[in-house]
Amino acid sequence: MTRKGAAARSTGTRWLSDDELAAWLANSAIMISLPAALDARMQRESQLTFFEYMVLSVLSEEPERTMRMSRLAARAAASLSRLSHVVGRLEKRGLLARSRLPGAGRATTATLTEAGYQVVVAAAPGHVAAVREYLIDQLEPGDIAALSRIGTAVEAAINRATAPPGTSAP
């Protein structure tokens, strides 16, 4: 992803410097390996995928443990299609329930059941331990603020780039 000399100038591409490339590769490793490690551990310890845990966790923090599916998809950083598939699995396990939102066309809500709440509460300590072990405890105190700032900036850039035309990104 770096290009030196005339080739770099002729394409008009802003190639990555050596330092930028090193930072990109280090973060690419995090983006790929961290979710996989969290997923494997969650499945082993809680019989939930990392994504299932995130869906249940987001709902557990909402008033009445209910949220519109479209908003839940955005909060879980997933397509509505992926979310619907996972919600279907969780619904079959009795961990949440879907219902149509009256007067809102095809809008659907997801509600965490009491059984789902108990599952997410039981899984939370293991999830937090994994997040600490794999990420948080590996950082210096000043790195936490930097990581937060970086994550917020990257998420904002992605939201701007992926917002439908004529809308503002969240």
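Bear in mind that the values here come from a model prediction, so they are computed numbers and not experimental data.

Some words on the packing of helix H3 (residues 50-60) against helix H5 (residues 80-92)
Two elements in contact, H3 and H5, have axes whose closest approach is 11 Å; the angle formed by their N-to-C orientations is 85°. With respect to each other, H3 and H5 are oriented roughly perpendicular. When H3 is examined against H5, the residues Phe 51, Glu 52, Val 55 and Leu 56 are found in contact with a partner set consisting of Arg 82, Leu 83, Val 86, Arg 89 and Leu 90. Here the contact of H3 with H5 is built from residues that sort into six nonpolar, no polar and three charged.

A closer look at the pairing of strand E3 (residues 108-112)
Most of E3 is tucked away: four of the five residues are buried. Sheet analysis places strand E2 (residues 96-100) next to E3, joined by five bridges and oriented antiparallel. From the neighbouring strand, Ala 97 faces E3, where its bridge partner is Thr 111.

Regarding the confidence of the model for the protein chain
When the pLDDT values of the protein chain are averaged, the result is 90; 91% of them are 70 or greater. When the elements of the protein chain are averaged for pLDDT, helix H1 (residues 5-11) gives the smallest value, 59, and helix H6 (residues 114-134) the largest, 97.

Comments concerning the packing of aromatic side chains
Evaluated as defined, the whole model comprises zero aromatic pairs. Sitting over the face of the ring of Tyr 117, Arg 65 holds its NZ or CZ atom 3.6 Å from the ring centroid. One cation-aromatic arrangement involves Arg 82 over Phe 51; the distance from NZ or CZ to the ring centre is 3.9 Å.

Focus on the pattern of salt bridges
Under the criterion given, the structure shown has nine salt bridges. Measuring nitrogen to oxygen at the nearest pair gives 3.2 Å for the salt bridge that ties Arg 41 to Glu 45. Taken together, the residues Arg 41 and Glu 45, both in helix H2 (residues 18-46) and four residues apart, mark about one turn of the helix. With relative accessibility at 11%, the residue Arg 41 sits in the buried group. On the basis of relative accessible area, Glu 45 is assigned to the partly exposed category, the value being 42%.

Looking at unusual backbone geometry
At Glu 64, a position not held by glycine, the phi torsion is positive, near 60°. On the basis of relative accessible area, Glu 64 is assigned to the exposed category, the value being 74%. Even without glycine at this site, Ala 77 takes up a positive phi of about 55°. Assignment of secondary structure puts Ala 77 in the loop between helix H4 (69-75) and H5. Classification of Ala 77 as exposed rests on a relative accessible area of 69%.

A few points about the nonpolar core
Ranked by internal contacts, the top residues of the largest apolar core, which has 24 residues, are Val 55, Leu 56, Leu 59, Leu 72, Leu 83 and Leu 90. In terms of residue count, H3 provides more of this core than any other element does, six residues in total.

Brief notes about a nonpolar patch on the surface
On the surface, Trp 24, Leu 25, Met 31 and Ile 32 cluster together to form a nonpolar patch covering roughly 440 Å² of accessible area. Looking at where Leu 25 falls in the secondary structure, it is placed in helix H2. The partly exposed category is assigned to Leu 25, whose relative accessible area is 49%.

Some points on the layout of surface pockets
In this structure, the largest pocket encloses a volume near 2,100 Å³. Contributing to the lining of the largest pocket are 44 residues, with Ala 77, Gly 151, Val 154, Glu 155 and Ile 158 lying nearest its centre. Elements with a contribution of two residues or more to the lining of the largest pocket: H2, H3, H4, H5 and helix H7 (141-162). Of all the elements, H7 adds the most residues to the lining of the largest pocket, at 11 residues. The residue inventory of the lining of the largest pocket, partitioned by class, reads 29 nonpolar, nine polar and six charged. Estimated volume of the second largest pocket: approximately 170 Å³. Taken together, Arg 68, Met 69, Ser 70, Leu 80, Ser 84, Arg 98, Arg 100, Arg 106, Ala 107 and Thr 108 make up the full set of residues lining the second largest pocket. The set of elements that each furnish at least two residues to the lining of the second largest pocket consists of H4, H5 and E2. Classifying every residue of the lining of the second largest pocket gives three nonpolar, three polar and four charged.

Parameters at a glance
- Residues numbered from 1 in each chain as written.
- Predicted model: local features only at pLDDT ≥ 70, side-chain atom pairs only at ≥ 80, totals over all residues.
- Heavy atoms only, no water.
- Axes fitted to C-alpha atoms, helices over the stretch in contact; angles between N-to-C directions.
- Helix = DSSP H or I, 4+ residues; strand = E, 2+ residues; numbered from the N terminus.
- Parallel < 35°, antiparallel > 145°, perpendicular 65-115°, else oblique.
- Contact = heavy atoms within 4.5 Å.
- Nonpolar A, V, L, I, M, F, W, Y, C, P; charged D, E, K, R; others polar.
- Buried < 20%, exposed > 50% of the residue type's maximum accessible area, 1.4 Å probe, protein only.
- Pairing = 2+ DSSP bridges.
- pLDDT = per-residue confidence, 0-100.
- Phe/Tyr/Trp six-rings, centres within 6.5 Å; stacked < 30°, edge-to-face > 60°.
- Lys NZ or Arg CZ within 6 Å of the ring centre and 35° of its normal.
- Salt bridge = Lys/Arg side-chain N within 4 Å of Asp/Glu carboxyl O.
- Core = buried A, V, L, I, M, F, W, Y, C linked by side-chain atoms within 4.5 Å.
- Patch = residues over 30% accessible without salt bridge, like charges linked within 9 Å, V, L, I, M, F, W, Y side chains within 5 Å.
- Areas by Shrake-Rupley, 256 points an atom, 1.4 Å probe, with all protein chains shown as cover.
- 1 Å grid on protein atoms, 1.4 Å probe; cavity = no way out; pocket = protein on both sides within 12 Å on 5 of 7 lines; lining within 4 Å.
- Points joined across faces, edges and corners; volume = space filled by probe spheres on them.

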